[in-house]
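Chains, contacts and geometry: an overview
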Amino acid sequence: MFGAIIGDIAGSTYEFVGCKETGIDLFPAGSDYTDDSILTIATAEALLTDGDYQAAYRRLGRLYPYPLGGYGARFAGWLQEDAPRPYNSCGNGSAMRVSPVGFARNTLEDVLAEAERSASVTHNHPEGIRGAQATASAVFLARTGSTKSQIRSFIASRFGYDLDRTVQSIRPGYRFNPTCQGTVPEAIVAFLDAEDFESAIRLAISLGGDADTLACITGSIAHAYYGRIPDPFVATARRVLPSPLLQIADAFNARHPSELHRQSIAGKPPTSGGEPTP
């Protein structure tokens, strides 16, 4: 899941500046992990342990509080409640933290169910759940050998997202949008337009929106699809993350090594048909 973390770090300094360029310094001074990385790692922790997403989000969210985490106001309040309940959010937080589900579950049906579980402890709005399921499904399909055409077809037909656009067509009119429905389709398009992992991150940031979350989502799918991340990018993530978070990430990656999985399916023909089904 380092793809998501690297996307978050790369996008962190561009979140509110409306960057519309690809030829940027991916890790300028001030680049850091945010709530996207913290909660992605919390999802991994839940998958490694008892599956209690609420407990994992609250534990790491409190360990790395605002402003370090950069949480939305409603989530920050949820962290402090004595008896927290879902708050019907359609925010993109459910999608930016869900990628470990796509690496950890081995059928599309299980991915969809687990993504809903991870989202619903906070983001129980239908769009919040849909965004999490679409992201996790894209990660799962990418790591299990689906082509970009197949990923596009499945996500568009299952979730109703318009993926027949390009980054170039989206970029001019796109602005910061904190919702799933205004973030997830665009992040997936950035992956679909990319040539490799690095270009995926650059395209996501160049949309000029919620840059760390866009790049986090795009990066998670690109990591699953391409299998390898440039070593200097991984070194940056390992340098930036504090030891407790890095230990969880390493434990998850040891159990679910995406690169080895991609190598195991290399050379095999893609699943027949353009639209995978559970």
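Residues numbered from 1 in each chain as written. Predicted model: local features only at pLDDT ≥ 70, side-chain atom pairs only at ≥ 80, totals over all residues. Heavy atoms only, no water.

1. A look at the packing of aromatic side chains
- What the rule picks out here adds up to 11 aromatic pairs.
- Each ring, one from Tyr 33 and one from Tyr 64, has its centre 6.3 Å from the other, and the planes form 85°; the classification is edge-to-face. Highlighted residues: Tyr 33 in the loop between helix 1 (2-11) and helix 2 (35-48) and Tyr 64 in the loop between helix 3 (53-63) and helix 4 (73-80), separated in sequence by 31 residues.
- An angle of 50° between the planes, with centres 6.4 Å apart, marks the rings of Phe 197 and Phe 233 as tilted. (Phe/Tyr/Trp six-rings, centres within 6.5 Å; stacked < 30°, edge-to-face > 60°. Helix = DSSP H or I, 4+ residues; strand = E, 2+ residues; numbered from the N terminus.)

2. Details of the pattern of salt bridges
- In the structure shown here, the tally under the stated rule is nine salt bridges.
- For Glu 45, the salt bridge identified is with Arg 59, shortest N-O distance 2.6 Å. Of this pair, Glu 45 sits in helix 2 while Arg 59 is found in helix 3, placing the two residues 14 residues apart along the sequence.
- In this structure Glu 45 comes out as buried when scored by relative accessible area, which is 14%.
- Note on Arg 59: relative accessible area 42%, which makes it partly exposed.
- Between Arg 130 and Glu 127 there is a salt bridge, and its shortest N-O distance comes to 2.7 Å. (Salt bridge = Lys/Arg side-chain N within 4 Å of Asp/Glu carboxyl O. Buried < 20%, exposed > 50% of the residue type's maximum accessible area, 1.4 Å probe, protein only.)

3. Structural notes on the packing of helix 7 (residues 108-120) against helix 8 (residues 126-143)
- Closest axis-to-axis distance for the helix 7/helix 8 pair is 8 Å, and the angle between their directions is 140°. What the angle tells us is that helix 7 and helix 8 run oblique. Along this stretch, helix 7 crosses helix 8, giving a crossing that reads as right-handed. Mapping the contact onto sequence places Leu 108, Val 111, Leu 112, Ala 115, Glu 116 and Ala 119 in helix 7 and Gly 128, Ile 129, Ala 132, Gln 133, Ala 136, Ser 137, Phe 140 and Leu 141 in helix 8.
- Split into classes, the residues belonging to the contact of helix 7 with helix 8 amount to 10 nonpolar, three polar and one charged. (Axes fitted to C-alpha atoms, helices over the stretch in contact; angles between N-to-C directions. Parallel < 35°, antiparallel > 145°, perpendicular 65-115°, else oblique. Left-handed = near helix turned anticlockwise from the far one by under 90°. Contact = heavy atoms within 4.5 Å. Nonpolar A, V, L, I, M, F, W, Y, C, P; charged D, E, K, R; others polar.)

4. Structural notes on the layout of surface pockets
- Space inside the largest pocket adds up to approximately 440 Å³.
- In terms of lining, the largest pocket is formed by 23 residues, of which the most central are Asp 35, Tyr 71, Gly 72, Asn 92 and Gly 93.
- Those elements that provide at least two residues to the lining of the largest pocket are helix 2, helix 4 and helix 5 (93-96).
- Residues that form the lining of the largest pocket fall into these classes: nine nonpolar, eight polar and six charged. (1 Å grid on protein atoms, 1.4 Å probe; cavity = no way out; pocket = protein on both sides within 12 Å on 5 of 7 lines; lining within 4 Å. Points joined across faces, edges and corners; volume = space filled by probe spheres on them.)

5. Some words on the side chain of Glu 127
- Relative to the helices and strands, Glu 127 is located in helix 8.
- Among all residues touching Glu 127, those that are not within four sequence positions of it are Cys 90, Cys 180 and Gln 181.

6. Side note on the side chain of Thr 183
- For Thr 183, the position within the fold is in the loop between helix 10 (167-170) and helix 11 (184-193).
- Thr 183 gets classed as buried once you look at its relative accessible area, which sits at 0%.
- Within the structure, the side chain of Thr 183 is placed 2.7 Å from the backbone oxygen of Thr 179, a separation counted as a polar contact. (Polar contact = N/O pair within 3.5 Å; in protein donor to acceptor, adjacent residues only side chain to side chain.)

7. Quick look at unusual backbone geometry
- Phi angles above zero are rare outside glycine, and Asn 88 is one such case at about 55°.
- Tracing the sequence through the fold places Asn 88 in the loop between helix 4 and helix 5.
- On the accessibility criterion, Asn 88 (44% relative accessible area) is partly exposed.

8. Things to note about helix 8
- Taking 1.5 Å per residue as the helical rise, helix 8 with its 18 residues ought to reach 26 Å, and the 26 Å between its terminal C-alpha atoms agrees with that figure.
- Across the 18 residues of helix 8, 16 count as buried, placing the element largely inside the fold.
- Gly 145 occupies a position one or two residues after helix 8 and carries a positive phi of about 100°. (Expected span 1.5 Å × (residues − 1).)

9. Focus: helix 1
- Counting buried residues along helix 1, 10 of its 10 residues qualify, which places the element largely inside the surrounding structure.
- Along helix 1, the residues that are buried comprise Phe 2, Gly 3, Ala 4, Ile 5, Ile 6, Gly 7, Asp 8, Ile 9, Ala 10 and Gly 11.
- In the core, the buried residues of helix 1 are packed alongside helix 2, helix 6 (99-104), helix 12 (197-206), helix 13 (211-226), helix 14 (231-240) and helix 15 (243-255).

10. Describing the nonpolar core
- Ranked by size, the top nonpolar core spans 95 residues in total, and within it Phe 2, Ile 5, Ile 155 and Ile 205 carry the most contacts.
- The contacts of Ile 5, once residues within four sequence positions are left out, are Ser 37, Ile 41, Ala 237, Leu 241 and Ala 249. (Core = buried A, V, L, I, M, F, W, Y, C linked by side-chain atoms within 4.5 Å.)

Shape descriptors only; they carry no functional weight alone.
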